Amino acid sequence: MPPRRPQPRCLADFFSYETTKSVVVKSWVVGVVNRVVQLLILSYFIGWVFLHEKAYQVRDTVIESSVVTKVKGIGKYGNRVLDTADYVTPPQGTSVFVVVTKQILTENQEQGICPESEAAYRCASNRDCQGKGRTTGSGVLTGRCVPYNVTLRTCEIRGWCPPEVDTVDVPVMLEAENFTLFIKNSIRFPLFGFEKANLPPQVSAGELQRCRFHPEQQPLCPILRLGDVARFAGQDFASLAATGGVLGIKIGWVCDLDRAWELCLPRYSFTRLDSVTQHSPGSPGYNFRHARYYRGHNGTELRTLTKAFGIRFDVLVYGNAGKFGIVPTLINTVAAFTSIGVGTVLCDIILLNFLKGAEHYKARKFEEVPEASAPPAPASPTGCVPGALGDQSREKQSTDSGTFSLGL
């Protein structure tokens, strides 16, 4: 029978197969490292993954929420007494509303022609008004320079006259600090069909009206004082009322549905949402304009323009709920036991590269076994027993499979 042709080295390596070989190493260093790594991995999965993150639960992150708000309080602004209908907008009691604390009024405006009030449109002749843009903050330029008063001349506009002057100093309604805000929030987790409201259970209407929210003393009271909301958000109410701003009231529902229904409770937190722009020189704080229209004695359409400064409140609801599930439990359990193998990898790196006698360990761990040759020919008629030919062709019986193999 002709001898086999030697196969290329790369082809032989490609079709080689590796199987696990167990080697027991009597080393205190490697043994301690192995047990410590295994202990850390088990502690991580038990303490963080299962107990803290509750990875054994099915979680519902889709929260359905409804928010209804109501502000109460009487304030005095100038020579007028204001109630909720005067200073709250919009009046529907939604999750986003504004409490107006300062107003600049421009009354009895009507459509016509008048001089612009902004300082940027002061002029000396008509040429100064024709080189500017077509419109201003109050109307459309006519191209003429007209007297504004006995000393100033400004460009003429067509629009609502007289134009607004928003540089005047007006008072601030500081009584708003003692106004109260009632929040009624209902939530639902559709995956589990779980529903809950933020109203304290077993509380009478009288007790509910007398309570005031406090993060430690009364954390479940849904009635909040506006001054406390600003303080909890780290803001000074007087400054906030003068320039306006946006405050966020966050209601968090993070519920473990494996526990009792009563233990799913809301948590309130507060922040200023426009803190990035509160020091902006171009547009600090928060303000907006609105108008009220009416008819004069001669039927002319008139309006009162209001530039309102106030505190906008955004009620934000977020949350998730979890409940025991067999699928995530099995997945994370398998992941925990699989991750224990990381300790073996680390110990192999230390054993084969950093310990004294690393070459000795490599020789024990890795062993190359050539492909087994063809089975031996049957015994000759001369009655020679196996092994009679000497060391060149000595047969060896395998102890694992019961077959014979040639021993070199």
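None of these values were measured; they are calculated from a predicted model.

The rules we used
Residues numbered from 1 in each chain as written. Predicted model: local features only at pLDDT ≥ 70, side-chain atom pairs only at ≥ 80, totals over all residues. Heavy atoms only, no water. Helix = DSSP H or I, 4+ residues; strand = E, 2+ residues; numbered from the N terminus. Buried < 20%, exposed > 50% of the residue type's maximum accessible area, 1.4 Å probe, protein only. Contact = heavy atoms within 4.5 Å. 1 Å grid on protein atoms, 1.4 Å probe; cavity = no way out; pocket = protein on both sides within 12 Å on 5 of 7 lines; lining within 4 Å. Points joined across faces, edges and corners; volume = space filled by probe spheres on them. Nonpolar A, V, L, I, M, F, W, Y, C, P; charged D, E, K, R; others polar. Expected span 1.5 Å × (residues − 1). Arc of directions from axis to C-beta. Phe/Tyr/Trp six-rings, centres within 6.5 Å; stacked < 30°, edge-to-face > 60°. Lys NZ or Arg CZ within 6 Å of the ring centre and 35° of its normal. Disulfide = S-S within 2.5 Å. Core = buried A, V, L, I, M, F, W, Y, C linked by side-chain atoms within 4.5 Å. Axes fitted to C-alpha atoms, helices over the stretch in contact; angles between N-to-C directions. Parallel < 35°, antiparallel > 145°, perpendicular 65-115°, else oblique. Left-handed = near helix turned anticlockwise from the far one by under 90°.

Draft legend 1. Looking closely at the side chain of Q109. One can find Q109 in strand β6 (residues 96-115). Residue classification places Q109 among the buried positions, given a relative accessible area of 1%. With sequence-adjacent residues up to four places away left out, Q109 is seen in contact with W160, C161, P162, P163, E164, E301, L302, R303 and L305.

Draft legend 2. Focus on empty space enclosed by the protein. Applying the stated criterion across every chain yields a total of 1 cavity of 30 Å³ or more. The volume enclosed by the largest cavity comes to roughly 70 Å³. As for the largest cavity, its lining consists of K196, A197, N198, L199, P200, P201, L220, W253, E262, C264, L265 and P266. When grouped by side-chain class, the residues that make up the lining of the largest cavity number 9 nonpolar, 1 polar and 2 charged.

Draft legend 3. Representation of helix α8 (residues 326-339) within the structure. For α8, which comprises 14 residues, the first-to-last C-alpha distance of 20 Å matches the rise-based estimate of 20 Å (1.5 Å per residue) to within 8%. Every buried residue of α8 is accounted for by P328, T329, N332 and A336. Seen along its axis, α8 keeps its buried residues to an arc of 100°; they face one direction. Facing away from the buried side of α8, by more than 90 degrees, are the exposed residues I326, V327, L330, I331, V334, F337 and T338. Tucked into the core, α8 has its buried residues touching α2 (28-52), β1 (57-60) and β15 (301-324).

Draft legend 4. A look at the layout of surface pockets. Roughly 530 Å³ of volume is contained in the second largest pocket. If you trace the second largest pocket, you find 23 residues lining it, with V254, C255, L263, L265 and R267 closest to the centre. Looking at the lining of the second largest pocket, the elements with two or more residues in it are β1, β12 (245-256) and β13 (267-272). A total of 5 residues in the lining of the second largest pocket trace back to one element, the largest contributor, which is β12.

Draft legend 5. How the structure looks around the packing of aromatic side chains. In this structure the tally under the stated criterion is 11 aromatic pairs. For the ring pair Y87 and F179, a centre distance of 4.7 Å and an interplane angle of 20° mean the geometry is stacked. Of this pair, Y87 sits in helix α3 (residues 84-87) while F179 is found in the loop between β8 (153-161) and β9 (180-189), placing the two residues 92 residues apart along the sequence. The buried category is assigned to F179, whose relative accessible area is 2%. One aromatic cluster is present, built from ring pairs that chain together F213, F232, Y268 and F270. Above the plane of the ring of F309 lies K102, whose end atom (NZ or CZ) is 4.3 Å from the centre.

Draft legend 6. How the structure looks around the state of the cysteines. For the structure shown, the criterion picks out 5 disulfides. Each sulfur in the disulfide pair C123 and C145 lies 2.0 Å from the other. In this structure, the disulfide formed by C123 and C145 twists by about 95° around the S-S bond and is classed as right-handed. Linking C123 in the loop between β6 and α4 (126-130) with C145 in strand β7 (residues 139-147), this pair joins segments that are 22 residues apart in sequence. Exposure remark for C145: the relative accessible area of 6% places this residue in the buried category. Linked covalently through their sulfurs, C211 and C221 form a disulfide whose S-S length is 2.0 Å. Where C211 bonds to C221 through sulfur, the torsion about that S-S bond is close to 80°, and the disulfide is right-handed. You can see C211 sitting in the loop between α5 (205-210) and β11 (223-225) and its partner C221 sitting in the loop between α5 and β11, a full 10 residues away along the chain. In the chain, the cysteines engaged in disulfides, taken in order along the sequence, are linked 1-6, 2-4, 3-5, 7-8, 9-10.

Draft legend 7. Spotlight on the nonpolar core. Ranked by size, the top nonpolar core spans 47 residues in total, and within it Y87 and F313 carry the most contacts. At the level of secondary structure, the elements contributing two or more residues to this core comprise β2 (64-72), β6, β9, α6 (226-232), α7 (237-243), β12, β13 and β15. F313 has contacts with S95, V96, F97, V99, L226, V229, L247 and I249, leaving out every residue within four places of it along the chain. Counting residues in hydrophobic clusters, the runner-up holds 9 residues, among them C129, L141, C155 and C161.

Draft legend 8. Inspection of the packing of α2 against α8 at higher detail. At a closest axis distance of 9 Å, the pairing of α2 and α8 adopts a crossing angle of 155°. The pairing of α2 with α8 is recorded here as roughly antiparallel in orientation. Viewed along their axes, α2 and α8 form a crossing whose handedness is right-handed. Within the contact between the two elements, α2 uses I41, F45, V49 and F50 and α8 uses N332, T333, A335, A336 and S339. Here the contact of α2 with α8 is built from residues that sort into 6 nonpolar, 3 polar and no charged.

Draft legend 9. Spotlight on unusual backbone geometry. Of the consecutive residues T89 and P90, the connecting peptide bond is found in the cis state with omega at -10°. Locating P90 in the fold gives a position in the loop between β5 (88-89) and β6. Cis geometry is adopted by the peptide bond preceding P162, which originates at C161 and carries an omega value of -5°. Tracing the backbone through its elements, the reader meets P162 in the loop between β8 and β9. Positive phi outside glycine occurs at K54, with the angle close to 50°. Counting through the fold element by element, K54 comes out in the loop between α2 and β1. Of the residues examined, K54 reaches a relative accessible area of 25% and is grouped as partly exposed. The phi torsion at N108 lies on the positive side, around 60°, for a residue other than glycine.

Everything listed is a geometric property; what it means functionally is a separate question.
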